[in-house]
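# Breakdown of the fold
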Amino acid sequence: MAAQANAPASYRPAGSLDASSALQPYAGPWNRRLAAHLLRRAGFGGAPADVDRIAGMSARDAVDGFINFPNTGSLAARPALQDPPVPPRGLYQGFMQGMAADAATVDARKAFQMQNNRTRRENLIAMQQWWLGRMIASPAPLQEKMTLFWHGHFTSSPEKQTSAQELLMQNQLFREYALGNVRDLTLHVSQDPAMLRYLDNNVNVKAHPNENYARELMELFTLGIGNYTEQDIRESARAFTGWTFRKNPDGTGSFYDNRNVHDDGTKTFLGQTGNFSGSDIVNIIFQQPAASKLFATKLLSFFVYMDPEPQLVNQVAALIVKNNFELKPVMSTLLRSNVFFSDRAYRALVKSPVEFVVGTHQLFGIPEVAPVELATLRAMGQVLFYPPNVKGWDGGAAWLSSATILTRENFANAMAQNPKMMQGADWIASAMRAMEPRTVAKTLTDTMLQGDVSPASTAQLVAYLGGAGQSALAELSHENVDERVRNAAYLTMAMPAFQLA
Amino acid sequence: MMKRSGFLLGAVSGLAVVANTDTIFSRALAESPLPGLPGGTDRVLVVINFQGGNDGLNTVVPFGMPDYYRYRPSLGVPQNAVLRIDDTFGFNPVLAPFKQMFDKGNVAVVHGVGYPDPDHSHFRSTEIWQTAHPKGYESTGWIGRYLDEAALPKNNLFNAVALSNVLPEAMQSKTADVPAIDALRTYGLRSDKNAGNKEAFHEFVRDTTVPFRSPFLAKVAEIEDHAQRGAEELPKLIAGYQTQATYPATPLGRSLALAAQIVGSKLGTRVLYVNHGSFDTHVTQKQTQERLLGDFANAIAAFYQDLAAHGNDKRVLTMTFSEFGRRVPENASRGTDHGEAAPVFLIGGGVKGGLYGQHPDLNRLNAGNLAFTTDFRQVYATVLERWLGRPSAPIVGGTFSTLAALA
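Residues numbered from 1 in each chain as written. Chains lettered and ligands numbered in written order. Predicted model: local features only at pLDDT ≥ 70, side-chain atom pairs only at ≥ 80, totals over all residues.

### Observations regarding the overall build of chain A
Short version of the rule: Counting from the N terminus, the helices are DSSP H or I runs at least four residues long and the strands are E runs at least two residues long. We compute the radius of gyration from the C-alpha atoms alone; for a globule the expected value is 2.2 Å times N to the 0.38, where N is the number of residues. Our exposure labels follow a C-beta count within 10 Å of each residue's own C-beta, placed from the backbone: buried means 20 or more other C-beta atoms, exposed means 12 or fewer, and partly exposed covers the counts in between. We call two residues in contact whenever the C-beta atoms placed from their backbones are within 7 Å.
Within chain A, the secondary structure is distributed over 23 helices and 4 strands. Relative to the globule expectation of 23 Å for 501 residues, the C-alpha radius of gyration of chain A, 26 Å, shows essentially globular dimensions. In terms of overall dimensions, chain A has a C-alpha envelope of 80 × 70 × 55 Å along the principal axes. For chain A, buried positions account for 49% of its 501 residues. Sequence separation of 24 or more characterises 73% of the internal contacts of chain A that already satisfy a separation of 6 or more.

Right, here's the structure in full:
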């Protein structure tokens, strides 16, 4: 019994893969359900009008619309960040030598430190609100979705005193390379100040090699355990010695290749020998078959379904290699494929907290993210710019616990009760005018769940709106319609389909 | 139409669980003996996390080691102020109520607890303590793995409870769904205050006869059901308890009062988790640390007084930990920076009180830090094997010797 309890649950969908046609373009019927599926996966769910618009196109044009990012110039390119405070002259004189300071200096240092911490905290809040706002409003949702994908893959966080400005640079890098070349992105990430700090390559020098970056680069970012040796880690760490950054006054950093502390001896790495630099290491890594398989698995698990079959992984890996790690043609094929639009992939993923929150904003047409929602996301288990560790967010079943679900439901309720909701969600307001429970229930379940609801639940929702049930609500009237419809919208979000992407 | 009992979960998924809210919480089930538990059937572990890195040196003060005062010229606790344990060690004076518990033999102090290759990041070091995994990344916590292993009654929603607003990583589990309760007042579905909403929610979350298949459908339905029922039932299940102590009016005091209530209501709860902090005392340490330690001493004394009044003090073990201790030399801001080893407390009627392990040598610092002398997994192994009655190796990832602090 204990063994059974410990068997890892597989969340691969039931049924079998049709490998021969999996990556062929989908040519079946096109409808609002599949349009919403595409919007949830390639974006965050979208507004009801987006679903209608995409359902009105061909599947091919719809995917093209996601892949070819439209101009996003209407969005704020960056959040307003405060420059890090500069300590008054001489404040830290003798500090490094451990010299005692007088009371006034102690107080001044304390004040400076508090100001510094406050700036960092406020900058991170600004960053989170800015990014969530972009996710909600961007006309290029796949660009933001890929940015989130890369953020969970090439993880960095404000730990190790990384500034908001440095994390913003990294975020912009992910956005720039959203569907770019994965090898090039990996090289840029290896030279990115936030990453150099996060995995300690800024202290990786010839005299004291630090293996942290080299290890995670192979274990988590590109190859996976079992595809390299400890010796490969040591040798590649030597190749990365001296890759560091210089701090700029505005809080950003610039990559700096410090040749003075670089180990320019001969290295043997994954069977090749030479005086390798970090760039050579990245190139050699991408010659390994394991690299394309790792990215294929990650993309499939994020966009299609968890625990994809090895056959499917191999097909996507071959596609990645064929395209020389250019992601745009790969994602173009994947997002228009039979397997992507199959019943097995449909609702086969759990919405991440970010998808849940952003999607709900889009649904109700509420563009602003209130600061309290950042705490809500934390309680749901996902803080942007704070992945839990180098491995990123596990996703899937890890999102689901009583604790996180209570937070999701209470958030859904707060959104349904939000005074701005009826203005943003004009589709609800117009359905309400009929004052007819059946019409309202159908609008809610069609718009919010694309009809993914049982006849029994639909009947119950109609009954709830009409005032039936044990609690004997009054019949729908002008007095109660607003409250009743808001509650019904919340209850529709409580249906299991709403948790699934 | 909206009948509440005997609703079949998961017609599509094939998950055949009859969720009957009338019997699922039966006391008989919750009180059934645990397989493999030595002696008792109802032992509880309470974990208190001193968040932010508590300075061990000013908690259990090595006043008999002259180097201590050399490293702590302004922050050192004066010899004549410490609450003496012996000629070398004494407690910080704000711990007076806790010292009384020590004197009664109900507190074990484990010196110098840490782990190899210490990480000075709060985030990473906390993760290491929570997952019991100093190398690599583990998605479950050590308590979570205990819950996976322990074969506790599957339909008891309160086998473990976090008294926090975010589920700690230590309680992440593959199989157990641990509720996180910040406060009873805010725990639960806000919409449930409306009876009609509550009823409808109850039915909708069970709706798995939907026109699609998803590998996660049954799981979502199960968790949503847990979330609602748990929040609905817990206040009722613990309502009969009479608190028999005066707790400090602080978050820790409130959490421990709730912990005593849950323990005393015999829900079958095996592990509770409480946060206390923040101890990150880089600047003017004395005020912050003494406020937090004083609060801890008052709250833990009230907790055991309350437990004892209900005959529960011997079945509750409390373990404290912090992600790291602090740098031995104080800094120039009358504070201390991130350090390494620190003491762990084991508290309760089942503890063999006293000092355990070796205090780290103040003459052999690890770049200004205390080198650990007891691996934190030894403490976990002790708690798992000698208190919760489970083999520790699969949970802490290796064989670690246990301490004699528990029988």
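Now that the structure is up, let's keep going.
### Some details on the overall build of chain B
Each helix and strand counted, chain B has 11 helices and 13 strands in total. Burial statistics for chain B: of 407 residues in total, 55% are counted as buried. Here the contacts in chain B between residues at least 6 apart in sequence split such that 71% fall between residues at least 24 apart.

### Considering the confidence of the model for chain A
Note the cut-off: Per-residue confidence from the predictor is given as pLDDT, running between 0 and 100.
Summary statistics for chain A give a mean pLDDT of 93 and a share of 97% for residues scoring 70 or more. Across residues 1-7 of chain A, where pLDDT falls below 50, the model places 7 contacts with residues more than four positions away in sequence or in other chains.

### Focus on the packing of helix α23 (residues 481-494) of chain A against helix α6 (residues 195-204) of chain B
The angle between the axes and the distance between the axes are what describe a pair of packed helices. Basically, it comes down to this: Orientation is described by lines fitted to C-alpha atoms, with helices fitted over the stretch in contact, and by angles between N-to-C directions that extend from 0 to 180 degrees. Each angle receives one of four descriptions, namely roughly parallel if under 35 degrees, roughly antiparallel if over 145, roughly perpendicular if within 65 to 115, and oblique otherwise. Here is the rule for handedness: rotate from the far helix to the near one, and if that takes an anticlockwise turn smaller than a right angle the crossing is left-handed, while a clockwise turn gives right-handed.
Look at α23 of chain A against α6 of chain B: their axes get within 9 Å of each other, and the N-to-C directions meet at 25°. The angle between α23 of chain A and α6 of chain B falls in the class roughly parallel. Note that α23 of chain A runs across α6 of chain B; the crossing there is right-handed. Within the contact between the two elements, α23 of chain A uses N487, L491 and A494 of chain A and α6 of chain B uses N197, A200, F201 and F204 of chain B.

### Overview of the sheet that holds strand β6 (residues 90-91) of chain B
Residues and elements named next belong to chain B. Rule in force here: Here, a strand pair is defined by DSSP locating no fewer than two bridges between the strands.
With respect to topology, 3 strands assemble into an open sheet ordered β4-β6-β5, the strand pairing being antiparallel. Two strands lie at the open edges of the sheet, namely β4 (60-61) and β5 (83-84), each paired on one side alone. Of the strand pairs in this sheet, β4 and β6 are connected by 2 bridges, and their pairing is antiparallel. Bridge assignment links V60 to a residue of β6, and that residue is F91.

### Considering the nonpolar core
Counted only if it meets this: Linking buried Ala, Val, Leu, Ile, Met, Phe, Trp, Tyr and Cys residues through C-beta atoms within 7 Å yields a set, and such a set is a nonpolar core.
Of all hydrophobic cores here, the largest spans 257 residues; its most connected members are A488 of chain A together with L45, V110, A259, L272 and L346 of chain B. It is helix α9 (residues 285-309) of chain B that provides the largest number of residues to this core, a total of 11 residues. Residue contacts for A488 of chain A: discarding those within four places in its chain leaves V440, A441, L444, L461, Y464 and L465 of chain A.

### Quick word on the domain arrangement of chain B
Worth spelling out the cut-off: In this entry, domain limits derive from an automatic or database-based domain assignment.
Each domain of chain B was delimited in the assignment, giving domain 1 (1-26 + 194-225) and domain 2 (31-187 + 238-396). Its C-alpha centre places domain 1 of chain B at a distance of 38 Å from the equivalent point of domain 2 of chain B.

### Considering the interface of chain B and chain A
In many analyses, interface size is given as the accessible surface area lost on bringing the parts together. Heads up, the rule is: Amino acid classes used here: Ala, Val, Leu, Ile, Met, Phe, Trp, Tyr, Cys and Pro are nonpolar; Asp, Glu, Lys and Arg are charged; the rest, including Gly, are polar.
Across the boundary between the two partners, chain B contributes 59 residues, which contact 64 residues of chain A. Of all the secondary-structure elements, those providing two or more residues to the side of chain B that touches chain A are α4 (122-131), α5 (142-149), α6 and α7 (217-237) of chain B. Per-element accounting of the side of chain B that touches chain A gives the leading share, 10 residues, to α7 of chain B. The class makeup of the residues in the side of chain B that touches chain A is 30 nonpolar, 16 polar and 13 charged.

### Observations concerning α5 of chain B
All names here are of chain B. The element α5 is extensively covered by neighbouring structure, given that 7 of its 8 residues are classed as buried. Burial in α5 covers these residues: W142, I143, G144, R145, Y146, L147 and E149. Phi turns positive, to about 50°, at A151, one or two residues after α5.

### Details of the environment of H226 of chain B
Mapped onto the elements of the fold, H226 of chain B is located in helix α7. We classify H226 of chain B as buried; it has 22 C-beta atoms within 10 Å. Taking the C-alpha atoms as reference, H226 of chain B lies 32 Å from V379 of chain B; in sequence the two are 153 residues apart. Aside from chain neighbours lying at most four places away, what touches H226 of chain B is S402 of chain A together with L157 and D177 of chain B.

### With respect to helix α7 (residues 164-176) of chain A
Residues and elements named next belong to chain A. Note the cut-off: A helix is expected to reach a length of 1.5 Å times the quantity of its residues less one.
For α7, spanning 13 residues, the distance from its first C-alpha to its last is 18 Å, which sits close to the expected 18 Å at 1.5 Å a residue. Burial analysis of α7 places 10 of its 13 residues in the buried class, the great majority of the element. Regarding α7, the residues found buried are A164, Q165, E166, L167, L168, Q170, N171, L173, F174 and R175. Structurally, α7 contributes buried residues whose contacts are with α5 (103-137), α6 (141-153), α8 (182-190), α9 (193-198) and β2 (253-257).

### Side note on the environment of L377 of chain A
Residue and element names in this part refer to chain A. Following the sequence through the fold, L377 ends up in helix α17 (residues 372-380). Overall, L377 belongs to the buried group, with 23 C-beta atoms counted inside 10 Å. Each C-alpha atom of the pair L377 and P353 lies 6.2 Å from the other, and the pair is 24 residues apart in sequence. If near-sequence neighbours (up to four positions away) are discounted, L377 is found in contact with P353, V354, V357, Q382 and V383.

### A closer look at the pairing of β2 of chain A
Residues and elements named next belong to chain A. Where strand β1 (residues 243-247) and β2 come together, 5 bridges link them in antiparallel fashion. Looking at β2, one finds that R246 is bridged to S254. Between β1 and β2, which pair antiparallel one after the other, the connecting turn spans 5 residues, and G251 there sits at a positive phi close to 95°.

### Overview of unusual backbone geometry
Residue and element names in this part refer to chain B. Going from G277 to S278, the amide bond is cis rather than trans, its omega being 10°. Tracing the sequence through the fold places S278 in the loop between β9 (271-277) and α9. For A151, which is not glycine, the phi torsion reads 50° and is therefore positive. Its place among the elements puts A151 in the loop between α5 and β8 (160-163).

### Quick word on the packing of helix α4 (residues 59-67) of chain A against helix α15 (residues 327-335) of chain A
All names here are of chain A. Interhelical geometry of α4 versus α15 gives an angle of 145° and a closest axis separation of 10 Å. When the axes of α4 and α15 are compared, the crossing they make is right-handed. Contact with α4, carried on its side by V63, F66 and I67, involves K328, M331, S332 and L335 of α15 and no other residues of that element. The residue makeup of the contact of α4 with α15, split by class, is 5 nonpolar, 1 polar and 1 charged.

### Comments concerning the confidence of the model for chain B
Residues and elements named next belong to chain B. In the predicted model, chain B carries a mean pLDDT of 88, and 90% of its residues have values of at least 70. When the criterion is pLDDT under 50, residues 1-40 qualifies, and its contacts beyond four places in sequence or with other chains add up to 66 contacts. Two numbers describe this predicted complex: its pTM, 0.87, and its ipTM, 0.93.

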